[in-house]
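Next come the chains, spelled out residue by residue.
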Amino acid sequence: MRPFRTSFAETSEKVCILARVETGEAHGWGECVADVEPHYSEEWNDGVWAVIRDFLAPAMFAAGDVEASDLASVFAFVRGHPMAKATLENALLDAELRAAGRSLAERLGAVRERVECGVSVGIAPSTESLLEQVGGYLAEGYRRIKLKIEPGTDVERVRAVREANPDILLSVDANAAYRLADVETFRALDAFDLLMIEQPLHHEDLWEHALLQKEIRTDVCLDESIRSAADARAAIELGACRIVNVKQGRVGGVLEAKRVHDVADELGVPVWCGGMLEMGIGRATNLALAALPNFRLPGDTSATNRYFAEDLTEPLVLASDGTLPVPSEPGIGVEPDPRRLESATRRVERLLEDGA
Ligand code: NPG
């Protein structure tokens, strides 16, 4: 994987959990968005593995003839763990849709066949290298550039990118690296006509984001702070954000992600589709979601080659107009190549329904 640095960690290897659910009629895939360490949120791969094995899968089996749309209540006895829950729910939904011959995009209510893509640019070693990377992505066709920022280099880097590219859609993502006392930094960033400032403050905060939003012109977007449709409603009503980043894994799966989308739509707030360095299964899932009507801004649904030289599924290739096609085949519309999957697999555990 191409290395990617945020204010909380650097990732250079992709290690993720894939769930394959078999229903008797079809199989379905879910890709977990957690990483090997709990930096972005409290979930991490080994924890997800244990939660699925010890709690979620047994509950799903015990519930009998369940559908994906029942799983949120079946799983409610486990607090939190949205990424683990999303992995199973998305996989069961994929299996249901494959059996029914329906695409995930259609099931969710997609209104477009292609989605506009943005790209997230990690914290670079220097301003020169950042400018070079941004230039490369713009040449590929990406329609929005998001810069990861951290205290110290933020204003200087954003100024350089804005001066070199006066007309592009440009946003910044802080991944909770700042405090309310840093308001002067955000006032300085107001000068660069940013589309948004994403998650400037603490990953669980709403209140201080509302105070910050009153002090600056640029729209605040929340990511980490939004873990459900209820959080989205609270954040918007409180004035903590004017834009929401929807990541299906962060909110417990695509069904809750659609509810986040709907709440924001009802309250007049645009959403966009975030990314968590997903491989093809997760990326295809995100594309279906990003085709819903209130996804009004280009998301982090970048092409496979942004991060990976080779994927388990066929690569998603950016068109020169900066769009990717929404998969239209049944379910998520992609399937891992069995040989590549086998050679990349480090660990397998089969969980069986009692008596199966
Ligand atoms: O394009 O998949 C992508 C990554 C986009 O910047 C991105 N993701 O904070 O939104 C984020 C960040 C992230 C990366 C989050 C890794 C969690 C893990």
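Calculation notes
Residue numbers here run from 1 along each chain, matching the order of that chain's written sequence. Per-residue local features of the predicted model are confined to residues with pLDDT of at least 70, and side-chain atom pairs are confined, for both listing and counting, to 80 or more; whole-chain, interface and lining totals are unaffected and use all residues. Excluded from the side-chain calculations are hydrogens and water; all other atoms, namely the structure's heavy atoms, are used. Where each domain begins and ends is defined by an automated method or by a domain database. Note on definitions: a residue-residue contact is assigned when non-hydrogen atoms from the two residues lie within 4.5 Å. Two parts placed together each lose some accessible area; with a 1.4 Å probe, that loss summed over both constitutes the buried area. Here, a salt bridge means any side-chain nitrogen of Lys or Arg that lies within 4 Å of a carboxyl oxygen of Asp or Glu. The definition of a polar contact used here is a pair of N or O atoms within 3.5 Å, where within protein one atom must be able to donate a hydrogen and the other to accept one, and adjacent residues in sequence count solely through side-chain atom pairs. Secondary structure elements follow DSSP: runs of H or I of four or more residues count as helices, runs of E of two or more count as strands, with numbering from the N terminus. Nearness is defined per residue: one heavy atom within 4 Å of the molecule or strand is enough. Using a grid of 1 Å spacing that covers the protein atoms alone, one calls a set of points a cavity when a 1.4 Å probe fits there but cannot get out, and a pocket when the set is open and has protein on both sides within 12 Å along at least five of seven lines; lining residues are those with an atom within 4 Å of a point. Cavities and pockets are treated as containing a molecule whenever more than half of the molecule's atoms lie within 2 Å of their grid points. In this classification, the charged set is Asp, Glu, Lys and Arg, the nonpolar set is Ala, Val, Leu, Ile, Met, Phe, Trp, Tyr, Cys and Pro, and all remaining amino acids, among them Gly, are polar.

A.B. asks: Can you lay out the domain arrangement of the protein for me, pointing to particular residues and giving the numbers?
C.D. replies: Taken domain by domain, the protein consists of domain 1 (4-102 + 335-344) and domain 2 (107-325). Here the C-alpha centre of domain 2 lies 23 Å away from the C-alpha centre of domain 1. Counting from both sides, the interface comprises 32 residues of domain 1 and, opposite them, 39 residues of domain 2. With both sides pooled, the region where domain 1 packs onto domain 2 buries about 2,900 Å², and carbon together with sulfur makes up 63% of that total. Considering only the surface of domain 1 that becomes buried against domain 2, F4, Y40 and R340 emerge as the three largest contributors, covering 25% of it. The residue R5 makes a salt bridge to E150 at a minimum N-O spacing of 3.1 Å. Taken together, domain 1 and domain 2 are joined by 13 residue pairs in polar contact (both at pLDDT 80 or more). For the side of domain 1 that touches domain 2, the elements supplying multiple residues, two or more each, are strand 1 (4-5), strand 4 (27-31), helix 3 (82-100) and helix 12 (338-344).

A.B. asks: For the site of the ligand, give the residues involved together with the corresponding values.
C.D. replies: Around the ligand lies a shell of 18 residues, among which S120, K148, N175, K247 and L277 are the nearest. Side-chain polar atom of K146 to an oxygen atom of the ligand: 3.5 Å apart, as the coordinates give it. According to the grid-proximity analysis, the pocket containing the ligand is the second largest pocket. Each residue belonging to the shell around the ligand can be placed in one class, and the counts come to six nonpolar, four polar and eight charged. Summarising the domain contributions, the shell around the ligand has at least three residues from each of domain 1 (4-102 + 335-344) and domain 2 (107-325).

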